[in-house]
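Structural features, examined
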Amino acid sequence: ARVTGVVAAAQRLSIQVWLKPRVAAAAALASAVSTPGNPLFHHYLSPASYTARFGATSSAAVKVEKWLRSQGFTSVRADSQRDYVRGTAAASTINKAFGVQLKLYQSSAAANAGPYRLRANDRAVTIPSSLAGIVDGVTGLVNAAPIVPHETPAAKPVTRTTPAAAPA
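Residues numbered from 1 in each chain as written. Predicted model: local features only at pLDDT ≥ 70, side-chain atom pairs only at ≥ 80, totals over all residues. Heavy atoms only, no water.

What follows is about unusual backbone geometry. Residues other than glycine seldom take positive phi values, yet S75 does so here, at roughly 50°. Located in the positive-phi region is R82, a residue other than glycine, with phi close to 55°. Relative to the helices and strands, R82 resides in the loop between β3 (74-78) and β4 (84-90). (Helix = DSSP H or I, 4+ residues; strand = E, 2+ residues; numbered from the N terminus.)

Below, the structure written as structure tokens:
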């Protein structure tokens, strides 16, 4: 899309830094609780138990919180399930922290932000190598509306392998 400007340096935005969960272990449990005959079949976890077993560690969340605060973010805190750490900062702070430039883009049929000006980072974010193993991604930089494709199931031709029964 065509660049139409840059996000004002003072504009405050909230972002989320997503933490890596222990996916392989969670997938194994998901398989076990959904497999008839498995001793764990239908033995589901509460959200708190899931977080304790498979969520990011408390130390990972604290590490990201400290880094965001050191970069100048405010209102920094992890969500209760330790899925992400949220923080708020001016666009200039975000640009510096993640090594990007937040720019404004021309909306199109493929990408728009509804009544707002379309905003996105101009390149992939960078984070300190000390966080690379615990961070899954960053959201909140882009404000494009999600594209949800409308899928219509393909019509399947009706085939008969036996003759239709005569009406009674």
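Taking strand neighbours across the sheet as the criterion, the 4 strands line up as β3-β4-β2-β7 in an open arrangement whose pairing is antiparallel. Looking at the sheet topology across the chains shown, the edges are occupied by β3 and β7 (135-139). The average undirected angle you get between the axes of adjacent strands in this sheet is 20°. Bridge count for strand β2 (residues 12-19) against β7 is 4 bridges, and the pairing is antiparallel. Bridging across to β7, W18 finds its partner in G137. In this fold helix α4 (residues 91-98) packs onto β2, β4 and β7, with an angle of close to 125° to the strand it touches most, β4. (Pairing = 2+ DSSP bridges. Axes fitted to C-alpha atoms, helices over the stretch in contact; angles between N-to-C directions. Contact = heavy atoms within 4.5 Å.)

Of the positions making up helix α1 (residues 23-33), those classed as buried are A26, L29, A32 and V33. All buried residues of α1 fall inside an arc of 120° around its axis, so they share one side. Exposed positions of α1 whose direction lies more than 90 degrees from the buried face are V23, A24 and A28. Buried residues along α1 sit in contact with α2 (47-54). (Buried < 20%, exposed > 50% of the residue type's maximum accessible area, 1.4 Å probe, protein only. Arc of directions from axis to C-beta.)

Membership of the largest hydrophobic core comes to 26 residues, with the highest contact counts inside it found for L68, F73, I94 and F98. When contributions to this core are tallied by element, the ones reaching two or more residues are β2, α3 (58-70), β3, β4, α4, β5 (102-105) and β7. Each residue touching F98, except ones within four places of it in the same chain, is listed here: I15, V17, W67, L68, F73, A124, V125, T126, I127 and V138. (Core = buried A, V, L, I, M, F, W, Y, C linked by side-chain atoms within 4.5 Å.)

Here we come to the sheet that holds strand β6 (residues 118-121). Spatially, 3 strands are ordered β1-β5-β6 in an open sheet, and the strand pairing comes out antiparallel. Each of the sheet's edge strands pairs with one partner strand only, and the pair in question is β1 (3-6) and β6. Averaged over all adjacent pairs, the angle separating strand axes in this sheet is 40°, with direction ignored. In the sheet, β1 pairs with β5 via 3 bridges, with the strands oriented antiparallel. Following the sheet pairing, G5 is matched in β5 by L104.

Before going further, it helps to spend a moment on the confidence of the model for the chain. For the chain, mean pLDDT is 88; residues scoring 70 or higher make up 88% of the total. Scored below 50 in pLDDT, residues 160-168 shows 0 contacts in the model against residues more than four places distant or in partner chains. (pLDDT = per-residue confidence, 0-100.)

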